[in-house]
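Each chain, letter by letter, is given below.
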Amino acid sequence: MKRILSTLLVALFSGAAFAQCNEVMISEIVEGWSNNKAIEIYNASSNTIDLTGYGIVRFQNGSTTYGNISYLDGYTVASHDVLVVVLDKRDSLGTGLEYPVWDELQAQADVFINPTYDNGVWAMYFNGNDAIAIVKNSGQTLVDIFGRIGEGTGFGGW
């Protein structure tokens, strides 16, 4: 009996060890001072993933619905590589209150998105009480999430 149980456990753990992730995932969030915001997207699969149809969304202040989808069409992520998405605030003069993203963060960026605030509906205007998600199929499929949808009013969220 012990031998059968041991064999089953070995088989179970071996299968789990070789399980494949065939999607992208949020591997890092940068929520720095002012406009220094970034999301790192990791491709855990063994194939390059075309991000056409994928997007980033934000569930603002504990909301259960998100604003606009910030699409990632035209970008790819190689196997076991990352795509760094940064808030598009590159005005070196810092016009108005639009402080530029720090040079060090700009240097890490693969993609800049959401240059205008547009009443806060865009994904890159997040803070610690917003859930951030990757979606695909026009937002019909949730791929990965950072934070908790529906939580985050006050000082909750992350």
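All right, on to the sheet that holds strand β5 (residues 70–71) then. Neighbouring strands of a sheet are bound in pairs by backbone hydrogen bonds; such pairs are parallel or else antiparallel. Reading across from one edge, β5-β4-β9-β10 is the order of the four strands in this open sheet, with antiparallel pairing throughout. A single partner strand is all that each edge strand has here, and the edge strands are β5 and β10 (141–146). Across two bridges, strand β4 (residues 55–59) lies against β5 in antiparallel orientation. Along β5, the bridge assignment pairs Gly-55 with Tyr-71.

With that settled, the discussion passes to the nonpolar core. Within the largest apolar cluster, 23 residues are counted, with the highest numbers of intra-cluster contacts made by Val-24, Ile-39, Ile-41, Leu-51, Ile-56 and Val-85. Looking at this core, the elements with two or more residues in it are β1 (24–31), β2 (37–43), β7 (82–87), β8 (111–113) and β9 (131–136). With near-sequence residues (within four places) excluded, Val-85 lies in contact with Lys-37, Ala-38, Ile-39, Ile-41, Ile-56, Leu-72, Val-111, Ile-113 and Met-124.

Here we take up the pattern of salt bridges. A complete count under the given rule lists six salt bridges for this structure. The salt bridge partner of Lys-136 is Glu-23, with a shortest N-O separation of 2.5 Å. A residue pair is termed long-range when its members are at least 10 positions apart, and Lys-136 in strand β9 and Glu-23 in the loop between α1 (2–17) and β1 qualify at 113 residues. In this structure, Glu-98 engages Lys-89 in a salt bridge whose closest nitrogen and oxygen atoms are separated by 2.5 Å.

What follows deals with the pairing of β2. A large share of β2 lies buried, amounting to six of its seven residues. Inspection of the sheet shows β1 paired to β2 by seven bridges, in the antiparallel sense. Each residue of the ladder has a partner; that of Val-30, found in β2, is Ala-38. Connecting β1 to the antiparallel partner β2 that follows it, the hairpin turn spans five residues, and Ser-34 within it adopts a positive phi of roughly 55°. The pairing of β2 with β7 spans five bridges and is antiparallel. By the bridge assignment for β7, Glu-40 is matched with Val-84.

Moving on to the side chain of Asn-43. Along the polypeptide, Asn-43 turns up in strand β2. The exposure class assigned to Asn-43 is buried, which follows from its relative accessible area of 0%. Among the polar contacts listed, one links the side chain of Asn-43 to the side chain of Ser-45, at a separation of 2.7 Å. The residues touching Asn-43, leaving out its near neighbours within four places in the chain, are Glu-23, Val-24, Thr-48, Ile-49, Val-77, Ala-78, Ser-79, His-80 and Asp-81.

In this section: the side chain of Asp-130. The residue Asp-130 is located in the loop between β8 and β9 in this model. Note on Asp-130: relative accessible area 1%, which makes it buried. Of the polar contacts made by the side chain of Asp-130, one reaches the backbone nitrogen of Asn-61; its length is 2.6 Å. In terms of polar contacts, Asp-130 uses its side chain to reach the backbone amide nitrogen of Asn-127, at 3.0 Å.

Analysis parameters
Residues numbered from 1 in each chain as written. Predicted model: local features only at pLDDT ≥ 70, side-chain atom pairs only at ≥ 80, totals over all residues. Heavy atoms only, no water. Pairing = 2+ DSSP bridges. Helix = DSSP H or I, 4+ residues; strand = E, 2+ residues; numbered from the N terminus. Core = buried A, V, L, I, M, F, W, Y, C linked by side-chain atoms within 4.5 Å. Buried < 20%, exposed > 50% of the residue type's maximum accessible area, 1.4 Å probe, protein only. Contact = heavy atoms within 4.5 Å. Salt bridge = Lys/Arg side-chain N within 4 Å of Asp/Glu carboxyl O. Polar contact = N/O pair within 3.5 Å; in protein donor to acceptor, adjacent residues only side chain to side chain.

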